[in-house]
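# Architecture and fold: a report
One letter stands for each residue in the lines below.
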Amino acid sequence: MTLYTVATPIGNLSDITFRAVEILKKVDLIVAEDTRHAGILMRKYNIQTYLESFHAHSGPAKLEKLIEMLRSGKDLALISDAGTPGISDPGFVLIRAAREEGTQVIPIPGPSAFLAALQASGLPTDKFLYLGFLPLKKGRQKLLAELAEEDRTVVFYESPHRILKTLSQIAEIMEDRYITVARELTKIYEEFLSGTAEEILDHFKEKKPKGEFVIILAPKNFKKQK
Ligand code: SAM
């Protein structure tokens, strides 16, 4: 009947709303990107609802099964590994299919890594461009060249394996651009590093980059106040 898209913590397990927990307890099924990962949250909040997986490799038959459950009057809650479902994760496919069916989709808002990074970055938030993950190869250089001219704040996700390469490319294309790298948000080793990409690369030469990252580029003409 209804698909609830429920935001869950991006690290700190306390970052979940009362409403999210209530919904997760009352629906017929929780659809999770990774059921083992979801188990941690469910144990913490004593949620005993049935779990079913839905991830990037789930085929059309799984999608059809979930849509059929919605058609038959069941309430489903979609959660991703972290943060807001559908934001740069496979949950989007189910949300789109549910909407196309005419199913009611109700958002239960909460954390998202890009917003947590942006809100504490000190960079302009009145207008910004969210890019998810940058393309791995094709179009990457061209996109970075375009971002060099961007007069909005730009936010995107990066993996620990590619962060050094991405910072090197930014250093090459946007030598003086002020950027912020937010690492391990809401977790024990949370840190915000700001400066040019070269300066942040120097930091990572001393300390190997580990964990999860959000990169934020200041707008082209951004000037620090001090
Ligand atoms: N749906 C999620 C959201 O709302 O933030 C994003 C899913 S995306 C597949 C995962 C990426 O989000 C990671 O590769 C990382 O770039 C970023 N991310 C997730 N949790 C994070 C955290 N605690 N600190 C920094 N970045 C994080």
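Note that residues are indexed from 1 along each chain, following the sequence as it is written. Totals for whole chains, interfaces and linings use all residues, but because this is a predicted model, local features are given only for residues with pLDDT of at least 70 and pairs of side-chain atoms are given and counted only at 80 or more. As a rule here, side-chain values come from all non-hydrogen atoms in the structure, and water together with hydrogens is ignored.

A word on the overall build of the chain. Under the scheme used here, helices are H or I runs from DSSP no shorter than 4 residues and strands are E runs no shorter than 2 residues, and both carry numbers assigned from the N terminus. When its secondary structure is counted, the chain shows 8 helices and 10 strands. In this setup the radius of gyration rests on C-alpha atoms only. A globule is expected at 2.2 Å times the number of residues raised to 0.38. Taken against the 2.2 N^0.38 rule, which gives 17 Å for 226 residues, the C-alpha radius of gyration of the chain at 19 Å falls within 12% of a compact globule. By principal-axis analysis of the C-alpha atoms, the chain measures approximately 55 × 35 × 30 Å. Residues count as neighbours in contact if any of their non-hydrogen atoms are within 4.5 Å of one another. Across the chain, the fraction of contacts at a sequence separation of at least 24, relative to all contacts at a separation of at least 6, is 69%.

We now examine the packing of aromatic side chains. The relation between two aromatic rings is expressed through the spacing of the ring centres and the mutual angle of the planes. Two rings from Phe, Tyr or Trp (for Trp, the six-membered ring) form a pair when their centres are within 6.5 Å of each other. A pair whose planes differ by under 30 degrees is stacked, one over 60 is edge-to-face, and the rest are tilted. Tallied over the entire structure, the rule returns 6 aromatic pairs. When the ring of Y130 is compared with that of Y157, the centres are 5.6 Å apart and the planes differ by 75°; the resulting orientation is edge-to-face. Here Y130, found in strand 6 (residues 128-133), pairs with Y157, found in strand 7 (residues 153-158); they are 27 residues apart in sequence, far enough to count as distant. An angle of 90° between the planes, with centres 5.9 Å apart, marks the rings of F204 and F213 as edge-to-face. Like F204, the residue F213 is buried in the burial classification. Categorising residues by exposure relies on relative accessible area from a 1.4 Å probe, with only protein chains included: less than 20% of the type maximum marks a residue as buried, more than 50% marks it as exposed, and the intermediate range marks it as partly exposed.

Space left empty within the atom packing is revealed by a probe, the size of a water molecule, rolled over the atoms. The volume enclosed by the largest pocket comes to roughly 470 Å³. Put plainly, a pocket is an open set of points on a 1 Å grid over the protein atoms alone with protein on both sides within 12 Å along at least five of seven lines, a cavity is a set where a 1.4 Å probe fits but cannot get out, and a lining residue has an atom within 4 Å of a point. Around the largest pocket sit 24 residues that line it, and A82, A113, F133, Y157 and E212 are the ones nearest its centre. Going through the elements one at a time, strand 7 and strand 10 (213-217) are the ones with two or more residues in the lining of the largest pocket. Grid points are joined across faces, edges and corners, and a volume is the space filled by probe spheres set on the points. Considered as a void within the structure, the second largest pocket measures approximately 220 Å³ in volume. Lining the second largest pocket are 15 residues, with P9, L13, H37, D81 and A82 sitting closest to its centre.

The next subject is the domain arrangement of the chain. What fixes the domain bounds is an automatic or database domain assignment. As assigned here, the chain comprises domain 1 (2-108) and domain 2 (113-217). Contact with domain 1, which involves 6 residues of that partner, is made by 10 residues of domain 2. In total, about 560 Å² of surface goes out of reach between domain 1 and domain 2, with carbon and sulfur atoms giving 62% of it. Polar contact criterion, stated in full: a pair of N or O atoms within 3.5 Å, where within protein one must be able to donate a hydrogen and the other to accept it, and residues adjacent in sequence count only if both atoms are side-chain atoms. Where domain 1 meets domain 2, there are 3 residue pairs in polar contact (both at pLDDT 80 or more). In terms of residue class, the side of domain 1 that touches domain 2 is made up of 2 nonpolar, 3 polar and 1 charged. Two parts placed together each lose some accessible area under a 1.4 Å probe, and the buried area is that loss summed for both. When residues are grouped by polarity, Ala, Val, Leu, Ile, Met, Phe, Trp, Tyr, Cys and Pro land in nonpolar, Asp, Glu, Lys and Arg in charged, and all others, Gly among them, in polar.

Of all 5 residues making up strand 1 (residues 2-6), 5 are buried, and the element is well covered by its neighbours. Along strand 1, one buried face is formed by T2, Y4 and V6 and the opposite face, lined by L3 and T5, is buried too. Strand pairing is assigned whenever DSSP identifies at least 2 bridges connecting the two strands. Two strands pair when backbone bridges link them, and strand 1 and strand 5 (residues 104-108) are joined in this way by 5 bridges, in the parallel orientation. Bridged to L3 within strand 5 is V105.

To continue, consider the site of the ligand. Looking at the ligand, there are 18 residues lining it, with I10, S112, A113, Y157 and F213 nearest. The separation between a nitrogen atom of the ligand and a polar main-chain atom of I10 is 2.8 Å. For the ligand, an oxygen atom lies 3.4 Å from a polar atom in the backbone of E158. Relative to its unbound accessible area of 570 Å², the ligand is 90% covered by the protein chains. Taking a 2 Å distance to the grid points as the criterion, the majority of the atoms of the ligand fall inside the largest pocket. Secondary structure elements with two or more residues in the shell around the ligand: strand 7 and strand 10. Considered class by class, the residues forming the shell around the ligand number 9 nonpolar, 4 polar and 5 charged. Both domains that meet at the shell around the ligand, namely domain 1 (2-108) and domain 2 (113-217), each give it at least three residues. Residues are counted as near a molecule or strand when any one of their heavy atoms sits within 4 Å of it. Accessible areas in this description were obtained via Shrake-Rupley with a 1.4 Å probe; residue shielding takes into account the shown protein chains only. Occupancy of a cavity or pocket is assigned to a molecule whenever over half of its atoms lie within 2 Å of that pocket's grid points.

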